[in-house]
Amino acid sequence: MWSYIQYRRMGRDLQQAAENNPTTTRYQKGRESGFEDVEARRTDYSPLSTPESKENDQTSTTGNGKDKIVVRLEGDDDPLDPKNWPLLARCKNIAILSFLIFAQAWAGAAESMANKTASAEFGVSQVAENLSTSMYLFGIGSGALFAGPLSETVGRNPTYLVSTFCYLFFVLGSALTPTFGGQVVCRLFVGLFSSATLSINGSSVRDQFRPVKRAFAFPIIAWANVAAPTIAPIAGGWIVENQSLSWRWTEWVTLIISGIAFLVSFLFLPETYLPLLLDWKAKHLRRITGDSRYVSEHGESASFIGRLKHVGPLPAKFLTQEPVIAVFGGYLILLYVLLFTFLSGFDYLFKETYGLSTALTGSCFGSIAAGATFFTLFAPGLYSWARWKTEYVRGSSIEPEFRLWPAIAAAPLLPVCLFWLGWANQPSISIWSSLGACFVFGMIIIAIYVSSYEYIIDSYGDHAAIGLASITIVRYLVAGGMAMAARPMYEGIGTHWTMTLLGCIAVILLPAPLLFWRYGRKLRSRSPYAKSPGE
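Just so it is clear, the structure is predicted and the values come from calculations on it, not from any experiment.

Engineer: What should I look at first to understand the overall build of the protein in this one?
Structural biologist: The helix and strand tally for the protein stands at 23 helices and three strands. Taking all 535 residues of the protein together, the buried fraction comes to 57%. Sequence separation of at least 24 residues holds for 81% of the intrachain contacts in the protein that already meet a minimum separation of 6. Here the protein has roughly 21000 Å² of accessible surface; of this, 64% comes from carbon and sulfur atoms.

Engineer: What exactly am I supposed to notice about the nonpolar core here?
Structural biologist: Side chains of a nonpolar character, in soluble globular proteins, are inclined to be buried together. Grouped together as the largest cluster of nonpolar side chains are 111 residues, with contacts concentrated most on Leu 338, Phe 342, Phe 346, Phe 350, Leu 414, Phe 441 and Tyr 460. With 18 residues, helix α15 (residues 323-354) is the single largest residue contributor to this core. Not counting residues up to four positions away in its chain, the partners in contact with Phe 441 are Leu 335, Leu 338, Leu 339, Phe 342, Ile 368, Leu 414 and Cys 417. Ranked by size, the runner-up nonpolar core spans 17 residues in total, among them Leu 14, Leu 276, Leu 278 and Ala 282.

Engineer: It is not clear to me how the confidence of the model for the protein should be interpreted in this structure. Could you clarify?
Structural biologist: Low pLDDT means the predicted atomic positions in that stretch should not be read closely. When pLDDT is averaged across the protein, the result is 83; 89% of the residues are at 70 or more. Here helix α2 (residues 33-40) stands out as the element of the protein with the lowest mean pLDDT, 33, in contrast to helix α10 (residues 249-268), whose mean of 95 is the highest. In this model residues 25-65 is a low-confidence stretch, pLDDT under 50, and it forms 107 contacts with partners more than four residues away in sequence or in other chains.

Engineer: Is there a simple way to explain the packing of helix α9 (residues 211-241) against α10 in this structure?
Structural biologist: Each pair of packed helices gets described by two things: the angle between the helix axes and the distance between those axes. Viewed as axis vectors pointing N to C, α9 and α10 meet at an angle of 135°, and their least axial separation amounts to 9 Å. It follows that α9 is oblique to α10 by the angle criterion. The handedness of the crossing between α9 and α10 is right-handed. Seen from α9, the contacting residues are Gly 236, Ile 239 and Val 240; seen from α10, they are Trp 249, Thr 250 and Val 253. Taken together, the residues of the contact of α9 with α10 break down into four nonpolar, two polar and no charged.

Engineer: Would you mind showing me how to read the pattern of salt bridges here?
Structural biologist: When the charged atoms of two side chains with opposite charge come close together, those side chains can pair. Summed over the entire model, instances satisfying the criterion amount to 13 salt bridges. The salt bridge involving Arg 72 is made with Glu 297; its shortest N-O contact spans 2.9 Å. Linking Arg 72 in the loop between β2 (69-71) and α3 (87-109) with Glu 297 in helix α12 (residues 297-300), this pair joins segments that are 225 residues apart in sequence. With its nearest N and O atoms 2.4 Å apart, the salt bridge here joins Arg 524 to Glu 401. Highlighted residues: Arg 524 in helix α23 (residues 512-526) and Glu 401 in the loop between α18 (379-389) and α19 (405-410), separated in sequence by 123 residues. Overall, the relative accessible area of 7% leaves Glu 401 in the buried class. Each of Arg 214, Arg 403, Glu 454 and Asp 458 takes part in salt bridges that share partners, so that together they form one network.

Engineer: I tried to follow helix α14 (residues 314-321) on my own but got confused; where do I start?
Structural biologist: Residues spaced three or four apart along an α-helix point in a common direction, a consequence of the helix completing one turn every 3.6 residues. The set of residues buried in α14 consists of Leu 314, Pro 315 and Phe 318. When α14 is viewed along its axis, its buried side chains cluster within an angular range of 105° and face the same direction. Projecting away from the buried face of α14 at angles above 90 degrees are the exposed residues Thr 320 and Gln 321. On the buried face of α14, the contacting elements are α6 (131-154), α13 (304-311), α15, α21 (431-460) and α22 (464-509).

Engineer: Just to check I follow, could you spell out α6 for this structure?
Structural biologist: Between its first and last C-alpha atoms α6 spans 33 Å; for 24 residues at 1.5 Å apiece the expected length is 34 Å, and the two agree. Its maximal kink placed at Ala 144, α6 deviates by approximately 40°.

Engineer: Explanation requested: the environment of Asp 78 in the structure shown.
Structural biologist: Within the secondary structure, Asp 78 sits in the loop between β2 and α3. Note on Asp 78: relative accessible area 1%, which makes it buried. Polar contacts involving the side chain of Asp 78 include one to the main-chain amide nitrogen of Leu 80, which spans 2.9 Å.

Engineer: I'm lost on a nonpolar patch on the surface in this one. Help?
Structural biologist: There is a patch of nonpolar side chains on the surface, built from Trp 385, Trp 388, Trp 405, Leu 514 and Trp 517 and spanning about 550 Å² of accessible area. Elements with a contribution of two residues or more to the nonpolar patch: α18 and α23. Tracing the sequence through the fold places Leu 514 in helix α23. Among the residues examined, Leu 514 registers a relative accessible area of 46% and is labelled partly exposed.

Engineer: It is not clear to me how the packing of aromatic side chains should be interpreted in this structure. Could you clarify?
Structural biologist: Tallied over the entire structure, the rule returns 29 aromatic pairs. Pairing Phe 102 with Trp 223 gives two aromatic rings, centres 5.8 Å apart and planes at 10°, and the pair type is stacked. One end of the pair, Phe 102, is in helix α3; the other, Trp 223, is in helix α9, and 121 residues separate them in sequence. According to the relative accessible area criterion, Trp 223 is partly exposed, its value standing at 24%.

Conventions and cut-offs
- Along each chain, residues carry numbers from 1 onward, in the same order as the chain's sequence is written.
- pLDDT decides what is reported in this predicted model: residues at 70 or higher carry local features, side-chain atom pairs at 80 or more are listed and counted, and totals for whole chains, interfaces and linings draw on all residues regardless.
- Computation of side-chain values covers all heavy atoms of the structure but excludes hydrogens and water.
- Runs of H or I in DSSP of at least four residues are treated as helices and runs of E of at least two as strands, each being numbered from the N terminus.
- Relative accessibility under 20% of the residue-type maximum defines a buried residue, over 50% an exposed one, and the middle range a partly exposed one, all with a 1.4 Å probe and only protein chains included.
- It only takes one pair of heavy atoms within 4.5 Å for two residues to be counted as in contact.
- Accessibility throughout is a Shrake-Rupley quantity obtained with a 1.4 Å probe, and a residue counts as covered only by protein chains that appear here.
- By nonpolar core we mean a set of buried residues, namely Ala, Val, Leu, Ile, Met, Phe, Trp, Tyr and Cys, connected to one another through side-chain atoms within 4.5 Å.
- The pLDDT score gives, residue by residue, the confidence of the prediction method on a 0 to 100 scale.
- Inter-axis angles, ranging from 0 to 180 degrees, are taken between N-to-C directions of lines fitted to C-alpha atoms, where helices are fitted over the stretch in contact.
- Roughly parallel refers to an angle under 35 degrees, roughly antiparallel to one over 145, roughly perpendicular to one between 65 and 115, and oblique to any angle outside these ranges.
- By the definition used in this description, the sense in which the near helix is turned from the far one sets the handedness, with an anticlockwise turn below a right angle giving left-handed and a clockwise turn giving right-handed.
- Ten residue types, Ala, Val, Leu, Ile, Met, Phe, Trp, Tyr, Cys and Pro, are classed as nonpolar, four, Asp, Glu, Lys and Arg, as charged, and the remainder, Gly among them, as polar.
- In the sections that follow, a salt bridge refers to a side-chain nitrogen of Lys or Arg positioned within 4 Å of a carboxyl oxygen of Asp or Glu.
- Taken from the helix axis, the directions to the C-beta atoms give the arc we talk about.
- One less than the number of residues in a helix, times 1.5 Å, gives the span that helix is expected to have.
- Note that bend, as reported per residue, equals the angle between axes fitted to the 7 residues terminating at that residue and the 7 residues originating from it.
- In protein, a polar contact means a hydrogen-donor-capable atom and an acceptor-capable atom, both N or O and within 3.5 Å, with residues adjacent in sequence counting only if both atoms are side-chain atoms; elsewhere, any N or O pair within 3.5 Å suffices.
- Only residues above 30% relative accessible area that lack a salt bridge enter a patch, with like-charged residues linked at up to 9 Å and the nonpolar side chains Val, Leu, Ile, Met, Phe, Trp and Tyr linked at up to 5 Å.
- Centres within 6.5 Å are what make two rings of Phe, Tyr or Trp a pair, Trp counting through its six-membered ring; a difference in plane orientation under 30 degrees is then read as stacked, over 60 as edge-to-face, and the rest as tilted.

Encoded structure:
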């Protein structure tokens, strides 16, 4: 809805600009001045309906061949560019997007506390019931490859809205299905259709914010991705504990939250993909002037199938040939394995060790959410630091290595908190010790998530979407497999050695952020896909 209003307003304002300019006439063959006047005319066009964004629009055209006039931005301050929209409007967009992300990330862990009840109803083991979480994760990993090319073909807004609309039906199916097989299938499609929102949200941040301001915006998006799967079990635990409610209310609550998020996004989330906005402008100019030569680079570029053919082989190439993608991918895989195996692991870490109820076991996830929230509160400080680093110059680029400082600080803490959680997990030691370790883990996962994503975006520029898609695919597929293995692992080797094993992997990865800080520039210079910060 909001993107439709955007489109209509753009056409209306361009029409008014043409009518107010006496030198602007419909196209007449052989008269170039008409086109130049239309394009040079400043209009009151605004992509958003906020008074603050009613700034002048001065867009130039450049011939790309003698029979085409390509619509492009003129200058860095063109108000058509989402990066130049009012800060309040962009903050509104990030808030809405975060709500949408939160709702669909919530779905991954919503029914985790109902594992025992649901498995009894379906007549399957608790390990088999973990397949509902695994299939959700497999769905995200399977859909991530298609989400990027699709959003670059039809735009971010339709990709978010159409996929979320389909997602809602399968959440409904998960709540109503009477069979285990139906649940598994519905959960797969819940993950598949949520993959668009959960895999391209970083691109939406990049659409609207220059490098320095991303230091403020990205932690908020990261919080929505990470906190939702840790807040959902809190609600789920109390729902399952309530004798007057069925465990299926975990799905109904997911549906209610997701439905509200969809409606808010449908009504107020604008289109932010600049090449598509320029394509809209070209269409309006063709209509207004009667000149079919107005085109955009987006309109002349490859179709969805063409983009998919180009993108398809790249994730494997990035993972095998780009050390940055491989190593940070490994870090995020470990973090997501921990996050989603905790959905089963907390039964052993808290429920069995301390004799907690299902409701209180779910509430223990609040310590991870609290740690993630605590780090996110430092976002204004990260932004101020980035501003100071660039000497307060508007639109400045920033060295990608600057983004690594949160990860450099957090990396040594990851093995510490895992060993701490594993070996302090004893009935004779206060539960607050284990909760403290979980709080530290919450800070770590956000810190490394933010550093990884921002470093990749700054390092790879237009290729960043492929790099992030590569990591997204692998981390969700691996996390899905490990979610199935969680209960056998905790039961087989115990909580102490499970955490020790994962802590040892964290020790191996520990020096990575510091090594990239030291040698990152050299590695980027050797990569065919990386860019320098000034590009």
